[in-house]
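# Geometric and topological summary
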Amino acid sequence: MSAIEQQRLIVWTIAGSDSGGGAGIQADLLTMHDLGVHGCSVITANTAQNTLGVPAINAVSDEVLQSQLDALLDDLKPAAIKIGLLANAAQVRLVANFLRTLKAAGNRIPVVYDPVAVATSGAQLTEDSTGAAVLTDLLPLCDLITPNSVELAWLARTHVDSAETVLKAARSVRGNHETALLVTGGHLEIEPGTTSDLLCTGHGECASHDWLIGKRVDTRNAHGTGCTLSSAIAALLALGYPLKDACVVANAYVRRGLRLASSDHIGAGPGPVGHCGWPDALKDFPEVLLAGSERAKPFGTFSESGAANFAAEFAQPDSSRLGLYPVVDSVDWVEKLAEEGVRTLQLRIKYPRTDLREQIERAVAIGRRYDVRLFINDYWQLAIECGAYGVHLGQEDLQSADLKAIQAAGLKLGISTHGFFELLYAYQFRPSYLAIGAIYATSTKDMSGQLQGPQKLARMAALLPDYPLVAIGGINCERASVVAACGVGSIAVVTAITEAPDYREAVAQLQAVLESP
Ligand SMILES: Cc1ncc(COP(=O)(O)OP(=O)(O)O)c(N)n1
Ligand SMILES: Cc1nc(C(=O)O)sc1CCOP(=O)(O)O
Ligand SMILES: [Mg+2]
């Protein structure tokens, strides 16, 4: 094994072999390789199949299944596990016991289960009694399960044919478990020309759901999409992607595979989905449905209050490259940095005093005098009243702020995002800029669990090449050129300037990085 391969994270697939090479273990290993992890396989059944059907399942014995799991555990410990076809209830219980033992030993390994029950051809792939064992034994041990609507109906023992019935069935399958559920929408067309995946996450009071709407690709080469999606999610979880990010990137990976394999001819029946590398085109990514948009109506998530406050397409800044963007907590800093020729600034006051309005008024006046794009963090009403250039809001503010009022007043709007899911969500509002953070660990604010790093930043920036993008979090003079090379036109900093030994020197260095071609 080469040095590079030894550093690769290991992901297991516990699934059936597809002799036709389009789905099952074969699709899983192609996906894992494509996304940069090392795939190991535990074969549950040697299916005899081609693009026309599945003549035989050929489940392996419990001993054969167990021996593969034991061999891998001895030497090739996984960073994530994907489970696909389990041919009978005994296999479900065996795999569940294995996972239970792993967890009892203190292992925290993400598990994604794609409850393969019916092939795209319509062939039944698992014994009927398997569904009950899945719900009682396996589901509680999984982080995510990814049924399509047919498999969801099979698990929930109900009919699924609309957004409402998908949601109801998904809730009944999840019960009280923390296991997230992603219902893939390839079999059900809720909105013409699109696929709608339902992602249910959280637990108890925090339970929520999101619809991911993607362009439907007109192709018959869709064999193996479920296996590809679930193994892509497992690979991404192994690589440290949060669950929602892993789901939207995997969704795009599959759509890219469908799009690029659409003209292939492999076999006389539906050919395999392609495995075509990292998804770097926005058109392959799903849109995250917003509750206030008209589009939410057929999904039952439309609310009058959401609609009353929904606004998109905010005023664009004069340049998509906002340059150096210091974020400071006082009017003094606004003035000192404006004097240094900084063109974009944010006033971020986290401990407001009684003279907050006056501070904002003074900052706005300085901004006007020096022709600075001055954004006010959080206090959108005062920003409107004082005539600021713009407002910066966090994701959670999007529910409470009056977006229509911000838009009507002509203020620019910047929105914080942390990862692919939030980026896609915030992009629906078409704000004046999108901030991506935290790129590195920062002492200014607790961003643990939300660190992106330059590779993810570059991948996100590639999706929106012409959009005003701002990188923030832990960026200093040494790191600035790496960050700028990721494709953002602006870098926001707090301590790199406010705690610099010489702030003028820091401004000059950071500006030089951002202005160099
Ligand atoms: C440019 C920029 N990006 C992100 C943030 C963070 O904003 P938010 O999520 O609202 O968090 P607080 O700043 O309010 O703690 C920002 N301020 N500026
Ligand atoms: C205020 C803030 N927001 C972030 C985000 O990721 O949304 S990171 C951050 C702190 C930035 O401070 P510094 O430049 O000192 O690391
Ligand atoms: Mg804020």
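Please read these numbers as outputs of a predicted model, since none were measured by experiment. (Residues numbered from 1 in each chain as written. Chains lettered and ligands numbered in written order. Predicted model: local features only at pLDDT ≥ 70, side-chain atom pairs only at ≥ 80, totals over all residues. Heavy atoms only, no water.)

### Overview of the site of ligand 2
Heads up, the rule is: Only heavy atoms are used to decide nearness, and a residue is near a molecule or strand if one of them lies within 4 Å of it. We define a polar contact as two N or O atoms separated by no more than 3.5 Å, with the added condition that, inside protein, one atom must be a possible hydrogen donor and the other a possible acceptor, whereas residues neighbouring each other in sequence contribute only through side-chain atom pairs. Here the accessible surface of atoms and residues is derived via Shrake-Rupley with a 1.4 Å probe, and residues count as covered only by protein chains that are part of the display. For this classification, the nonpolar set comprises Ala, Val, Leu, Ile, Met, Phe, Trp, Tyr, Cys and Pro, the charged set comprises Asp, Glu, Lys and Arg, and every other residue, Gly included, is treated as polar.
Every one of the 14 residues lining ligand 2 counts as a neighbour, but H418, T442, T444, G474 and T495 are closest to it. In the model, an oxygen atom of ligand 2 is placed 2.6 Å from a nitrogen or oxygen of the T442 side chain. Within the backbone of G474, a nitrogen or oxygen atom sits 2.7 Å from an oxygen atom of ligand 2. Relative to its free-state accessible area of 420 Å², ligand 2 is covered by the protein chains to the extent of 95%. Partitioned by chemical class, the residues of the shell around ligand 2 number five nonpolar, seven polar and two charged.

### Some points on the nonpolar core
Inclusion rule: The term nonpolar core refers to a set of buried residues drawn from Ala, Val, Leu, Ile, Met, Phe, Trp, Tyr and Cys, joined through side-chain atoms within 4.5 Å. Partly exposed describes any residue whose relative accessible area lies between the buried limit of under 20% and the exposed limit of over 50%, with all areas from a 1.4 Å probe on protein chains only and scaled to the type maximum. In this text, helices come from DSSP runs of H or I with a minimum length of four residues, and strands from runs of E with a minimum of two, each type numbered from the N-terminal end. Only heavy atoms enter the contact rule, under which two residues are in contact if any of them lie within 4.5 Å.
By size, the foremost hydrophobic cluster in this structure holds 104 residues, and its most contacted members are I233, L403 and I497. Among the elements that make up this core, the one with the highest residue count is helix α9 (residues 243-260) (nine residues). If sequence neighbours within four positions are ignored, I233 has contacts with V112, L144, T146, L182, A246, C247 and A250. The next biggest cluster of nonpolar side chains, apart from the first, holds 54 residues, and it includes V92, L141, A153 and F299.

### What to know about the packing of helix α2 (residues 24-34) against helix α8 (residues 225-238)
This is how the line gets drawn: Note on geometry: axes are C-alpha line fits, over the in-contact stretch for helices, and angles between N-to-C directions span 0 to 180 degrees. In what follows, roughly perpendicular refers to angles from 65 to 115 degrees, roughly parallel to angles under 35, roughly antiparallel to angles over 145, and oblique to any angle outside these ranges. Left-handed describes a crossing in which the near helix is turned anticlockwise from the far one by less than a right angle; the clockwise case is right-handed.
In the contact formed by α2 and α8, the axes pass within 8 Å of each other and the chain directions differ by 40°. Classified by the angle their axes make, α2 and α8 are oblique. For the crossing formed where α2 meets α8, the hand is right-handed. Packed against α2, whose contacting residues are G24, A27, D28, T31 and M32, the element α8 presents C227, T228, S231 and A232 at the interface. Residue composition of the contact of α2 with α8, by class: four nonpolar, four polar and one charged.

### Description of the state of the cysteines
As a reminder, the rule being used: Disulfides are defined in this document as cysteine sulfur pairs within 2.5 Å.
By the definition in use, this model includes zero disulfides. Of all cysteine sulfurs, the one in C227 lies closest to C40, which takes part in no disulfide; the gap is 18 Å. You can call C40 buried: its relative accessible area is 5%.

### Describing the site of ligand 1
Surrounding ligand 1, one finds 16 residues, the nearest of these being Q346, R348, K350, S416 and K445. G394 is positioned such that a nitrogen or oxygen atom in its backbone is 3.2 Å from an oxygen atom of ligand 1. For ligand 1, an oxygen atom lies 2.9 Å from a polar atom in the side chain of S416. Taken by itself ligand 1 offers 420 Å² of open surface, and the protein chains cover 92% of this. Listing elements by their share of the shell around ligand 1, those giving two or more residues are β14 (390-393) and β16 (433-436).

### Here we look at the UniProt feature "binding site: Mg(2+)" (unreviewed entry) in the chain
Worth spelling out the cut-off: UniProt positions are given in the numbering used here, feature names are shortened, and annotations may be inferred rather than shown by experiment.
In this structure's numbering, the residues bearing the UniProt feature "binding site: Mg(2+)" (unreviewed entry) are D378 and D397. Taken along the chain, the residues just named run across 20 residues; in space they keep tight, none of their C-alpha pairs more than 7.8 Å apart. Relative to the assigned elements, D378 resides in the loop between β13 (373-377) and α13 (380-386). On the basis of relative accessible area, D378 is assigned to the partly exposed category, the value being 22%. Of note is the side chain of D378, whose polar atom sits 2.6 Å from the side chain of K350. Residue position: D397 is located in helix α14 (residues 397-400). Among the polar contacts listed, one links the side chain of D397 to the backbone nitrogen of G394, at a separation of 2.6 Å.

### Observations concerning unusual backbone geometry
Across residues other than glycine, the phi torsion is negative in most instances, and most of the peptide bonds are trans. Look at the link from G437 to A438: it is a cis peptide, with omega at -20°. Looking at where A438 falls in the secondary structure, it is placed in the loop between β16 and α17 (453-463). Even without a glycine there, the phi angle at E313 is positive, about 70°. For E313, the position within the fold is in the loop between α10 (304-308) and β11 (323-328). One non-glycine residue, D371, lies in positive phi territory at about 55°. With respect to the helices, strands and loops of the structure, D371 is situated in the loop between α12 (356-370) and β13.

### A few points about the UniProt feature "binding site: 4-amino-2-methyl-5-(diphosphooxymethyl)pyrimidine" (unreviewed entry) in the chain
Per the UniProt record, "binding site: 4-amino-2-methyl-5-(diphosphooxymethyl)pyrimidine" (unreviewed entry) is annotated on Q346, L347, R348, I349, K350, N377, S416 and K445. As for its position among the elements, K350 is in the loop between β12 (344-347) and α12. Taking the relative accessible area as the measure of exposure, K350 reaches 40% and is therefore partly exposed. Discounting residues that sit within four places of it in the chain, K350 has contacts with N377 and D378. Relative to the assigned elements, N377 resides in strand β13. Among the residues examined, N377 registers a relative accessible area of 6% and is labelled buried. Excluding residues within four positions of it along the chain, N377 makes contact with Q346, L347, R348, K350 and H392.

### Quick look at the pairing of strand β7 (residues 180-183)
How we decide: Two strands pair under a simple rule: DSSP has to find at least two bridges between them.
Neither face of β7 is exposed, since A180 and L182 on one face and L181 and V183 on the opposite face are all buried. Looking at chain direction, strand β6 (residues 144-145) and β7 are connected through two bridges and run parallel. For I145, the partnering residue across the bridge sits in β7 and is L181. Looking at chain direction, β7 and strand β8 (residues 194-201) are connected through three bridges and run antiparallel. Along β8, the bridge assignment pairs V183 with L198.

### A short note on α9
What counts here: Here, expected helix span is obtained from the residue count minus one, scaled by 1.5 Å.
Over its 18 residues, α9 runs 26 Å from end to end, which matches the ideal 26 Å to within 8%, given 1.5 Å per residue. Within α9, 14 of the 18 residues are buried, which leaves the element mostly enclosed by the surrounding structure.

### Overview of the packing of aromatic side chains
Condition: Paired rings are identified among Phe, Tyr and Trp, the last through its six-membered ring, by centres lying within 6.5 Å, and are further divided according to the angle between planes into stacked (under 30 degrees), edge-to-face (over 60) and tilted (the rest). Only lysine NZ and arginine CZ atoms are considered, and such an atom sits over a ring when it is within 6 Å of the ring centre and within 35 degrees of the ring normal.
Inspection of every chain in the model, using the stated rule, returns 14 aromatic pairs. Pairing Y325 with F375 gives two aromatic rings, centres 5.8 Å apart and planes at 45°, and the pair type is tilted. Of the two residues, Y325 sits in strand β11 while F375 sits in strand β13, which places them 50 residues apart along the sequence. As far as the burial class goes, Y325 and F375 line up, both buried. Put simply, the rings of Y241, W278, F285 and F420 pair up and form one aromatic cluster. Over the ring of W333 we find K336; its NZ or CZ atom is 3.9 Å from the centre of that ring.

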